[in-house]
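Take a look at the letters that make up each chain.
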Amino acid sequence: MKKVILLLVLILCTMIGAKQLSESEKNEMLKQFEIFQNAVKNKDIETVKSMVKFPLNEESGYALILDENADLSGGITEKTFLKYKNGILERLDEITKVKVNYSKNNFSEYYKDGANTEDKKRKYYQKGDEPGYYYKDKNNKEVYHTICDLKVNGEFSDNGILEIKSSSFSNKLTPLASEDCDSSIIYYFKLINNKLKLYEVKMAG
């Protein structure tokens, strides 16, 4: 009985500690997120930098910085951010795809079919149980080709955080290519002194 009571107390404390965003707060976060999106689109690195809470941790560094030789032992400082700004802007471009929906204070999901017109004309094959696919060109040569789709969406969590998730997954033409396609990156934003800040990035897959 004591264990049950303790569990209930812990759950209640968690619920009390969680910050519930008001509709006006959500609206303000969406407005500022659009500013962040436009800054990324316009490669306005100073505005983007001003909306990041430094230092970002090491895990965020591996998710954001595309240079495998980058030293991220100290995470991402402002200096590191500027050094790798081009790659970071390239990575952040994916979250400019999701659309803000002010009427419902949420987001309209973005989805991109990774298969182009030529892809859809081809027939794809597998070699045994291998996850990769290939098609045959005009010379009957096997050409390795995996097709990945992209989905980007956003939501407000119960603890007052704005989460933007970018996910890659197998296209229906190459459905078992999960080893090559399946991955996701989650960008975490929150209000700090009424200013929206990107404070963490996590990657999986």
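The coordinates are above.
Since we're looking at a predicted model, the values are computed, not measured. (Residues numbered from 1 in each chain as written. Predicted model: local features only at pLDDT ≥ 70, side-chain atom pairs only at ≥ 80, totals over all residues. Heavy atoms only, no water.)

Caption draft 1: Summary view of the overall build of the chain. A count of helical and extended segments in the chain gives 8 helices and 10 strands. By the compact-globule yardstick of 17 Å for 205 residues, the chain is too spread out, its C-alpha radius of gyration being 21 Å. When the backbone C-alpha atoms are referred to their principal axes, the chain occupies close to 65 × 55 × 40 Å. Every one of the 205 residues in the chain was classed for burial, and the buried ones make up 38%. (Helix = DSSP H or I, 4+ residues; strand = E, 2+ residues; numbered from the N terminus. Rg over C-alpha atoms; globule rule 2.2 N^0.38 Å. Buried < 20%, exposed > 50% of the residue type's maximum accessible area, 1.4 Å probe, protein only.)

Caption draft 2: Representation of the packing of aromatic side chains in the model. Tallied over the entire structure, the rule returns 8 aromatic pairs. Centroid distance Phe33 to Phe107: 5.7 Å. Interplanar angle 90°. Geometry classified as edge-to-face. Residue Phe33 is located in helix H2 (residues 23-41), and its partner Phe107 is located in strand S2 (residues 106-108); the two are separated by 74 residues in the primary sequence. Of the two residues examined, Phe33 and Phe107, each falls in the buried class. The interplanar angle of 80° and the centroid separation of 5.2 Å between the aromatic rings of Phe36 and Phe189 together place this pair among those described as edge-to-face. Linking Phe36 in helix H2 with Phe189 in strand S9 (residues 183-192), this pair joins segments that are 153 residues apart in sequence. Phe189 shares its class with Phe36; the two are buried. Among the aromatic residues, ring-to-ring pairing joins Phe33, Phe36, Phe107 and Phe189 into one connected group. The side chain of Arg122 reaches across the aromatic face of Tyr135, ending 4.0 Å from its centre. (Phe/Tyr/Trp six-rings, centres within 6.5 Å; stacked < 30°, edge-to-face > 60°. Lys NZ or Arg CZ within 6 Å of the ring centre and 35° of its normal.)

Caption draft 3: Examining the layout of surface pockets more closely. In this structure, the largest pocket encloses a volume near 310 Å³. Looking at the largest pocket, it is lined by 16 residues, and the ones nearest its centre are Arg91, Glu94, Leu150, Ser166 and Ile185. Breaking the lining of the largest pocket down by element, the ones donating at least two residues are helix H6 (85-92), strand S3 (110-112), strand S8 (162-170) and S9. (1 Å grid on protein atoms, 1.4 Å probe; cavity = no way out; pocket = protein on both sides within 12 Å on 5 of 7 lines; lining within 4 Å. Points joined across faces, edges and corners; volume = space filled by probe spheres on them.)

Caption draft 4: Quick look at the sheet that holds S9. Pairing in this open sheet of 5 strands is antiparallel, and the strands run S3-S7-S8-S9-S10 from one edge to the other. Looking at which strands have only one partner, the edges of the open sheet turn out to be S3 and strand S10 (195-204). Recorded for the sheet is a direction-independent mean angle of 15° between the axes of neighbouring strands. In terms of strand pairing, S8 meets S9 through 7 bridges, oriented antiparallel. Its bridge partner lying in S9, Glu163 is registered against Tyr188. With respect to the sheet, H2 is in contact with strand S7 (148-156), S8, S9 and S10, its orientation differing from that of S9 by roughly 120°. (Pairing = 2+ DSSP bridges. Axes fitted to C-alpha atoms, helices over the stretch in contact; angles between N-to-C directions. Contact = heavy atoms within 4.5 Å.)

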